[in-house]
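What follows is each chain in one-letter form.
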Amino acid sequence: MSNEKVVTINERIPSLKEQRKQRANRRLLFFLSLFFLLLLLMVYFQSPLSHIRTIEVEGNFLISDDQVIESSQLTTGTSMWNLDEEEIRNHLLIRPEIANVTISRKFPTTVVLNVHEHSRIGYLYSDGKYYPLLESGTFLSELPRHQFPADAPILIGWEQGETLTEFAQELINTPEQLIARMSEIFYSQTETESDEVIIHMNDGLEVHSTIKDFSSRMLPYPSIVRELDPSRKGILHMKMSPYFEDFDLEEEEDSEVESEG
């Protein structure tokens, strides 16, 4: 005869009831938690707790934070979860300095405008003032008196018009690494050369080229410079066939002629 204890259905009923009660309590707790969470979210979205209190601007240099915020037409007190990002972006892209902008939210009440500006490829110098030239081909208003060009070459002897527009397009097509090596670019119109430009490079060289095909003619510059003796002074002609005009050799030839005389 088996010694196993037989559990009757009557003995199991209390245990089953307790399990059902626990499951029911957990289900009730879940729905109550969900209800109160939804209630809190509704209160948050409908209350000033979800309104913008701070607008931050990042990535700007050409224009101030205040100008960016004003152009965006964003204001504090607006619900940060009810923003028309496309409309804000369109407002900002009207400004010639701005190439793109991304809009993000920083919990709990901050909106961040991350601005990507057009690069500056030059500064037109005129009447003691500097006018930034953007990669888009647009000229901006003069720089404030306390700001000086440091990130792009200065264009000297130019006037706004067809010639400068043509050269601006050449600069746009010139690699940024080359632009960064240029200090000043002079427009040197002569009787024989109507579109000659003279570039003072940051490495001390003087380069003569032309407005026409400027971007393509300047491309070999880095490789040519590597082959030059840095101690020699002269002019690097970057035109149809690049060549180096050595001042030292000319002086030596002049000295020889004088001694022979």
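Heads up: these notes are all about the structure in this document. Note that this is a predicted model, so its numbers are computed, not measured. (Residues numbered from 1 in each chain as written. Predicted model: local features only at pLDDT ≥ 70, side-chain atom pairs only at ≥ 80, totals over all residues. Heavy atoms only, no water.)

Attention shifts here to the packing of aromatic side chains. Summed over the entire model, instances satisfying the criterion amount to 5 aromatic pairs. For the pair F30 and F31, a centre-to-centre distance of 5.4 Å together with 70° between the ring planes defines the contact as edge-to-face. Geometrically, the ring pair formed by W158 and Y187 is stacked, given 4.8 Å between the ring centres and 25° between the ring planes. With a gap of 29 residues between them, W158 in the loop between β6 (154-156) and α4 (162-172) and Y187 in strand β7 (residues 182-187) connect regions that are remote in the sequence. Relative accessible area serves as the criterion here: at 5%, W158 is assigned to the buried category. (Phe/Tyr/Trp six-rings, centres within 6.5 Å; stacked < 30°, edge-to-face > 60°. Helix = DSSP H or I, 4+ residues; strand = E, 2+ residues; numbered from the N terminus. Buried < 20%, exposed > 50% of the residue type's maximum accessible area, 1.4 Å probe, protein only.)

Pairing of β6 with β7 involves 3 bridges; the strand directions are parallel. Each residue of the ladder has a partner; that of L155, found in β7, is I185. As paired elements, β7 and strand β8 (residues 196-201) share 5 bridges and run antiparallel to each other. Bridge assignment links F186 to a residue of β8, and that residue is I198. (Pairing = 2+ DSSP bridges.)

Within a beta sheet, neighbouring strands are joined by backbone hydrogen bonds and run either parallel or antiparallel to one another. Pairing within the open sheet is mixed, and its 3 strands lie in the order β1-β3-β2. The open sheet has two free edges, formed respectively by β1 (54-58) and β2 (98-106), since each of these has just one partner strand. Each neighbouring strand pair of the sheet contributes to a mean axis angle of 20°, computed without reference to strand direction. With 5 bridges joining them, β1 and strand β3 (residues 110-117) adopt parallel strand pairing. The partner of E58 across the bridge, within β3, is N114. Its contacts with the sheet place helix α2 (residues 65-72) against β1 and β3, and it is angled at close to 115° to β1. Helix α3 (residues 85-93) rests against β2 and β3 of the sheet, and its axis sits at about 145° to β2. (Axes fitted to C-alpha atoms, helices over the stretch in contact; angles between N-to-C directions. Contact = heavy atoms within 4.5 Å.)

Just geometry here; none of it tells us what the structure is for.
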